[in-house]
Amino acid sequence: MVSIETLRLIMRPLKVKDARHLYLLNQDEKVLKYTGDVPFENIESARIFLENYDQYKEFKVGRMAVIRKIDGIFLGWCGLKYNIAIDEYDLGFRFFRQFWNMGYATESAISVVEYGFNSQNIPFIVGKAMEHNLASIRVLQKTGMSLIKYFDFEGVPGVYYRIDNPDKD
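Computed from a prediction, not measured in an experiment: that's the story for all the values here.

The rules behind each value
- Residues numbered from 1 in each chain as written.
- Predicted model: local features only at pLDDT ≥ 70, side-chain atom pairs only at ≥ 80, totals over all residues.
- Heavy atoms only, no water.
- Helix = DSSP H or I, 4+ residues; strand = E, 2+ residues; numbered from the N terminus.
- Rg over C-alpha atoms; globule rule 2.2 N^0.38 Å.
- Buried < 20%, exposed > 50% of the residue type's maximum accessible area, 1.4 Å probe, protein only.
- Core = buried A, V, L, I, M, F, W, Y, C linked by side-chain atoms within 4.5 Å.
- Phe/Tyr/Trp six-rings, centres within 6.5 Å; stacked < 30°, edge-to-face > 60°.
- Arc of directions from axis to C-beta.
- Contact = heavy atoms within 4.5 Å.

What follows deals with the overall build of the chain. Helices and strands together make up the secondary structure of the chain, namely six helices and eight strands. Starting at the N terminus and walking to the C terminus, you meet the elements of the chain as β-β-α-α-α-α-β-β-β-α-β-α-β-β. Taken over C-alpha atoms, the radius of gyration comes to 15 Å for the chain, in line with the 15 Å a tight globule of 169 residues would show. Principal-axis analysis of the C-alpha atoms gives the chain an extent of 45 × 35 × 35 Å.

Here it is, written out as structure tokens:
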């Protein structure tokens, strides 16, 4: 998997050395509020997760570290995850709270969607969010996704967005 560069960001595959960042990111209950995920128990559990993360090798996509160019700060992650059981590529993102509302999620999400369509020829990409997660829904909309349906997201109302590759029939 290659790195992606935007005006302000460098996105690269997550590495084992990012375990501390992932651990800290998932310790913030406000960051996890709308995800359905639980925090890593410790840095070691984050490291083990990263050692076993196979999306890049198996599907040539994956969640990517989002690094700010100007100072090399790890802001969070953004990327695609392929679910083989339902043949679907899902856009996801998560950022440290101090970097919310700065456009980083939108900037990285748009570039990931473009990568999926242009480099991987993915036919469509979806984004799922809890219905009350308005900030994430706005990011999905800014990528060009449209609301397709409502669904049960971990026991709470959720929304399912989708964008089709314009170059696919």
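There's more to say after this.
Even without being glycine, aspartate 87 reaches a positive phi, approximately 50 degrees. Inspection of the secondary structure puts aspartate 87 in the loop between β4 (74–83) and β5 (88–95). Assessed through its relative accessible area of 49%, aspartate 87 is described here as partly exposed. Phi at glutamate 154 takes a positive value of approximately 55 degrees, unusual for a residue other than glycine. Assignment of secondary structure puts glutamate 154 in the loop between β7 (146–153) and β8 (156–164). Look at glutamate 154 and you get exposed, because its relative accessible area is 60%.

Here we take up the nonpolar core. Leu22, Cys78, Leu91, Phe93, Phe95 and Ile125 are the most contacted members of the largest nonpolar core, which totals 48 residues. The greatest single-element share of this core, amounting to seven residues, is contributed by helix α5 (residues 104–118).

As a further point, take the packing of aromatic side chains. The tally for this structure, following the rule as stated, stands at nine aromatic pairs. A centroid spacing of 5.6 Å and a plane angle of 45 degrees characterise the contact between phenylalanine 49 and tyrosine 53, whose relative ring orientation is tilted. Taking 6.4 Å as the distance between ring centres and 75 degrees as the angle between the ring planes, the aromatic pair formed by phenylalanine 74 and phenylalanine 96 counts as edge-to-face. Highlighted residues: phenylalanine 74 in strand β4 and phenylalanine 96 in the loop between β5 and α5, separated in sequence by 22 residues.

Every buried residue belonging to helix α6 (residues 134–142) is among Ser136, Ile137, Val139 and Leu140, and all of these are buried. Taken around the axis of α6, the buried residues stretch over an arc of 155 degrees, which confines them to a single face. Residues Leu134 and Lys142 are exposed on α6 and point more than 90 degrees away from its buried face. Along its buried surface, α6 packs onto β5, α5, β6 (124–130) and β8.

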